[in-house]
Every structure is written in C-alpha cells, then in structure tokens.
Amino acid sequence: MMKPLRHLLMLVLLLALAPLAHAGISHAPGRDLRVELVTYGPGRVYWERFGHVAIILRDTRSGEAVSFNYGVFDFDTHDFFLKFIRGHMLYSMDAEYAGPEVTSYIDAGRAVRIEKLAFTPAQASALRYFLLWNDQPQNRRYRYDYFYDNCATRVRDALNRALGGAIQAQTQQSAGARTFRSQSERMLAHDLPLMLLVDLGLGPRADRPLTQWQDSFLPVTLSDLVRHVRVPDGRGGMQPLVTSSRLVYAGDVAPPPPAPPALRWPLLAIGLAWAALLLWGAREHAGALARWLGAAAAGAYVLLGGSAGLIMLALWTLTSHRAAWANENLLQFDPALLALIWPLLRGIGARRAAHGWTLALALAALSAFGLLAKLTPWFVQANLHWILFALPLNLALAWTLWRPRVTR
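Cut-off values and rules
Residues numbered from 1 in each chain as written. Predicted model: local features only at pLDDT ≥ 70, side-chain atom pairs only at ≥ 80, totals over all residues. Heavy atoms only, no water. Helix = DSSP H or I, 4+ residues; strand = E, 2+ residues; numbered from the N terminus. Buried < 20%, exposed > 50% of the residue type's maximum accessible area, 1.4 Å probe, protein only. Contact = heavy atoms within 4.5 Å. Areas by Shrake-Rupley, 256 points an atom, 1.4 Å probe, with all protein chains shown as cover. Pairing = 2+ DSSP bridges. Axes fitted to C-alpha atoms, helices over the stretch in contact; angles between N-to-C directions. Lys, Arg positive; Asp, Glu negative; His and termini not counted. Salt bridge = Lys/Arg side-chain N within 4 Å of Asp/Glu carboxyl O. Parallel < 35°, antiparallel > 145°, perpendicular 65-115°, else oblique. Left-handed = near helix turned anticlockwise from the far one by under 90°. Nonpolar A, V, L, I, M, F, W, Y, C, P; charged D, E, K, R; others polar. Core = buried A, V, L, I, M, F, W, Y, C linked by side-chain atoms within 4.5 Å. pLDDT = per-residue confidence, 0-100.

Student: How would you summarise the overall build of the protein if you had to cite specific residues and measurements?
Tutor: Helix and strand content of the protein: 15 helices and nine strands. In the protein, which comprises 408 residues, the proportion classed as buried is 46%. Across the protein, the fraction of contacts at a sequence separation of at least 24, relative to all contacts at a separation of at least 6, is 75%. Accessible surface, the protein as shown: approximately 20,900 Å² in total, 64% of it carbon and sulfur.

As structure tokens, then:
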C-alpha cells in the first residue's frame with residue numbers, strides 16, 4: 001500500500017508545482033523575463049517592402065516566448081480599400097508564440113535578426129504589463145499612419161516607455177540627409193513603378209529633415225538605432241542597450257540600396273524625348289503619320305498628367321494622408337490638362353485646335369513658375385526631377401496649340 005501511496009503523493013506534488021514551472025510570460029518574475037527586438041527584412045509583396053519588427057518576451061525559466069507586433073490588418077474589413085485610400089486604416093496589435101512566427105518569416109525568405117536588450121527586472125515587468133494591456137481587445141486597434149504611427153513606431157514607443165524615455169532622449173540629433181521621401185524611395189527601389197507613384201504623390205511634408213527618433217519609422221533603422229542607445233548598468237555606469245545581436249537568417253530577398261536611385265537625368269531625358277515627338281508631329285509640313293504620332297504623344301501626356309493631378313488634388317482635399325497635402329507637383333500636372341483633350345482630338349497643329357492655346361500657355365507658365373520657385377525658401381519639396389520631366393512637355397504642348405494662331 002505504501003508504494004502506490006508514494007506515487008500518488010508525488011503526482012499531487014508535480015501537479016501543484018506545474019503552474020510555477022510553466023508560469024510563462026504572464027506571471028513570470030521580472031528577473032526571468034528577457035526582452036528581445038526581432039527585425040524582419042523586406043518581403044516580395046508591396047506591403048512587405050518596408051520590413052517588419054516585433055518585441056519578443058521570453059520566460060527564461062519556462063522557455064515560453066511570445067512575439068508582440070503592431071502590424072496586423074484585415075483585407076476583409078468593411079470598405080477596406082476606401083478606408084485605405086482615405087487614410088483611415090485601422091491596424092491592430094497581435095501576440096503569437098515567437099517560434100512559429102519567426103519560422104514563417106524564414107519560410108518566406110525574409111531576413112531575421114534578433115537583438116537581446118538590457119532591461120532590468122522592473123523594466124521588463126513594466127513592458128510586459130503594458131504589452132498585455134495593449135493586447136486587450138478594447139486597446140488593440142490604432143489609426144495607422146505610414147510615417148508617424150506604424151508597426152515600428154509603436155514598438156519603439158513601447159520600449160522607450162519601459163526605459164523611462166531613454167531612447168527618445170538619446171536620438172534627437174539629426175539623421176543627416178534622410179527624409180521620409182528618401183527613405184521610402186530607398187525601400188521601394190526594387191519596385192520602380194511603385195516607387196515613382198509614391199514619390200509623385202508625396203508632398204513637402206515628406207521632405208522635412210528627420211531626427212534619428214523620427215527616422216526609426218522604418219524597422220531596419222529602428223534596429224540600427226537601439227544599438228547606439230546606452231542605459232544604466234546598475235553599478236553607476238552605462239552599458240549598450242543591445243547586449244547581443246544574432247542574424248538568424250540572412251534572407252533571399254534583395255536588401256534595399258543604401259540610397260534612393262537618382263531620378264533627375266532619366267526623367268529629363270524621357271521628358272525631352274516625349275516633347276520632341278510632340279513637336280515633330282506639330283510641324284507645319286508634317287506628314288499624316290507624324291501628325292498622328294504627335295497627337296498621340298500629346299494626348300497621352302494630357303490624359304496621364306491631368307489624371308495624376310486629379311488624384312494628387314483628391315489626396316490633398318479628401319483624405320487624411322498628411323504627407324500628400326500641398327503637393328507642389330500640381331504645378332506640373334494640373335488637373336486642367338484634361339480640358340485639352342478635346343482640342344487635341346480635333347487635330348493638333350491645325351487651326352481649329354487653336355482655341356485651347358490660352359489654357360495651354362497658362363499651364364506652361366505654372367510649370368515654369370514651379371521651377372523658379374525652387375530659388376525661394378518656401379517651396380521645399382524635392383521634386384526637381386518631376387519638373388525636369390514635365391516642363392519640356394508643358395512648353396511643347398503650349399507651342400503646338402499656340403502656333404496655328406500665329407501662322408494664320
């Protein structure tokens with residue numbers, strides 16, 4: 001009877017101790033919590049181009065590791081694309097076991113780097129409680145902003161909060177020549193059409209010089225940032241916030257270039273060639289083929305340029321995308337270009353097309369003003385490349401519609 005009784009007592013004891021041995025991150029003492037920053041490299045899909053970042057809390061006693069990230073959105077949300085276009089996107093926080101999550105990014109070919117952070121037990125506990133509170137259904141959602149409130153800034157702010165503001169206090173110096181525009185172009189450089197569309201749609205707010213704190217809106221720059229932060233070591237000295245850094249997987253997706261591609265000369269060459277085709281078709285003795293090609297070149301420009309202007313105007317007046325407001329590219333791609341479609345359809349270079357010349361000259365003057373305005377301190381948008389593209393076309397368009405009037 002004694003042997004079965006001893007086994008029963010041991011089973012009861014093990015069951016009593018089990019919750020303590022596997023308490024996990026929710027109840028683990030602060031001294032058993034390890035804080036890690038995991039950074040995921042860019043992916044192949046357009047919404048993955050900027051990378052991703054998360055906080056891993058690891059219970060060193062039980063082995064449980066949970067990843068907290070702020071990058072969850074749902075395509076099935078009611079009116080998803082309308083909300084996306086208007087800048088009313090709701091993102092949410094999520095918590096998952098770290099092992100399967102890291103594996104899923106590796107399987108997708110994305111780079112994975114994990115950095116261990118020097119948190120005291122009290123700071124680790126404070127971070128744990130904040131993240132668990134933030135993961136409650138009523139606290140989970142937030143209004144997403146590409147530059148000011150995204151998956152990286154939320155992680156940065158959570159770490160900074162638990163560290164008593166140490167990260168923000170040490171990152172107020174300039175980030176050099178980096179801006180929201182240059183960083184966005186760099187991350188999208190391998191998807192040239194998307195990069196050009198984003199660059200065209202960004203206004204002057206995207207060209208303000210960044211502090212290092214603001215520059216950490218990107219996961220990769222947040223990872224770089226924390227490596228330069230120092231925190232108290234508990235013995236009266238200072239130590240690096242990052243105590244160890246491990247590249248788990250290098251990834252098979254090409255990393256972004258260190259700087260955005262140069263756009264001025266390629267866009268100028270395209271603009272000049274396009275304008276030359278338009279003028280070639282508007283010659284006084286041009287053949288039928290030349291006139292048709294010139295008309296097609298002019299028509300394509302006013303349709304594309306006017307549509308682009310209409311979209312930029314809508315982004316400014318109808319959406320919450322602050323980075324797209326007051327876009328100076330509207331001086332180059334005015335929505336009024338669309339009004340020139342009818343004169344062009346009636347025959348570019350012909351006398352009956354001359355009734356559109358006043359508008360064309362006005363639009364060319366606005367385009368030239370956009371270039372001259374760069375000499376003032378008030379027009380700060382980095383859009384010289386678009387001016388060099390559009391100005392030759394706007395001037396050529398004005399000439400082709402004005403010329404029949406002066407040759408009567």
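Student: Could you give me a rundown of the sheet that holds strand E2 (residues 52-59), with the residues and numbers involved?
Tutor: Spatially, seven strands are ordered E6-E4-E3-E2-E1-E5-E9 in an open sheet, and the strand pairing comes out antiparallel. In this open sheet, the two strands that pair with only one neighbour each are strand E6 (141-143) and strand E9 (242-249). The sheet shows a mean angle of 25° between the axes of neighbouring strands, taken without regard to direction. As paired strands, strand E4 (residues 90-97) and E6 are joined by three bridges and run antiparallel to one another. Paired with Tyr91 across the strands is Tyr142, a residue of E6. This element, helix H10 (residues 219-226), spans strand E1 (33-40), E2, strand E5 (112-117) and E9 of the sheet and lies at about 135° to E1.

Student: Residue-level account of the side chain of Glu185, with values.
Tutor: In this structure, Glu185 sits in helix H7 (residues 180-187). Arg181 provides the closest opposite charge to the buried, unpaired Glu185, separated from it by 4.8 Å. Beyond its immediate stretch of four places on either side in the chain, Glu185 contacts Met195, Asp199, Pro260, Pro261 and Leu263.

Student: A description of the pattern of salt bridges should follow, citing residues and the corresponding values.
Tutor: One side chain can pair with another of opposite charge once the charged atoms of both are near each other. Within this structure, the stated rule accounts for 16 salt bridges. In this structure, Arg61 engages Asp32 in a salt bridge whose closest nitrogen and oxygen atoms are separated by 3.2 Å. Here Arg61 is found in the loop between E2 and strand E3 (65-72), whereas its partner Asp32 is found in the loop between helix H1 (2-21) and E1, with 29 residues between them in sequence. The exposure class assigned to Asp32 is buried, which follows from its relative accessible area of 8%. A salt bridge links Glu36 to Arg34; the shortest N-O distance between them is 2.9 Å. Among the charged side chains, a network of salt bridges with common partners joins Arg34, Glu36 and Arg58.

Student: Tell me about the packing of helix H4 (residues 121-134) against helix H5 (residues 151-162), residues and numbers included.
Tutor: Where H4 meets H5, the closest approach of the two axes is 8 Å, and the angle between their N-to-C directions is 135°. As judged from the angle between their axes, H4 and H5 are oblique. Note that H4 runs across H5; the crossing there is right-handed. The residues of H5 that touch H4, namely those facing Gln123, Leu127, Phe130 and Leu131, are Ala158, Leu159, Arg161 and Ala162. Residues belonging to the contact of H4 with H5 are distributed by class as follows: six nonpolar, one polar and one charged.

Student: Tell me about the packing of helix H11 (residues 264-281) against helix H12 (residues 288-318), and name the residues and values.
Tutor: Closest axis-to-axis distance for the H11/H12 pair is 7 Å, and the angle between their directions is 135°. Looking at the two axes, H11 sits oblique to H12. Where H11 crosses over H12, the two elements pack in a sense that is left-handed. Each of Trp274, Leu277, Leu278, Trp280 and Gly281 in H11 lies in contact with H12, whose residues at this interface are Ala290, Arg291, Leu293, Gly294, Ala297, Ala298, Ala300, Tyr301 and Leu304. Counted by class, the contact of H11 with H12 contains 11 nonpolar, two polar and one charged residues.

Student: Residues and numbers for the nonpolar core, please.
Tutor: Ranked by size, the top nonpolar core spans 40 residues in total, and within it Phe119, Leu127, Leu131 and Leu159 carry the most contacts. Residue assignment for this core shows that the elements contributing at least two residues are E1, E2, E3, E4, H4, H5, helix H6 (166-169) and H10. Here this core takes six residues from H5, the largest share from any one element. Aside from chain neighbours lying at most four places away, what touches Phe119 is Val35, Ala124, Leu127, Leu159, Ala162, Leu163 and Leu241. Core analysis: the next-biggest nonpolar cluster, separate from the first, contains 29 residues, Leu263, Met312, Phe333 and Ala364 among them.

Student: Quick rundown of the confidence of the model for the protein? Include the residues and the values.
Tutor: Chain-level statistics for the protein give a pLDDT mean of 88 and a share of 87% at 70 or above. Note that pLDDT drops below 50 for residues 1-23; the model gives that stretch four contacts with residues more than four away or on any other chain.

Student: Could you give me a rundown of the environment of Ala382, with the residues and numbers involved?
Tutor: Structurally, Ala382 can be placed in the loop between helix H14 (357-372) and helix H15 (384-406). Classification of Ala382 as partly exposed rests on a relative accessible area of 38%. Along the sequence, Ala382 and Pro204 sit 178 residues apart, while their C-alpha atoms lie 7.4 Å from each other. For Ala382, the contacting residues outside a window of four places in its chain are Arg181 and Asp207.

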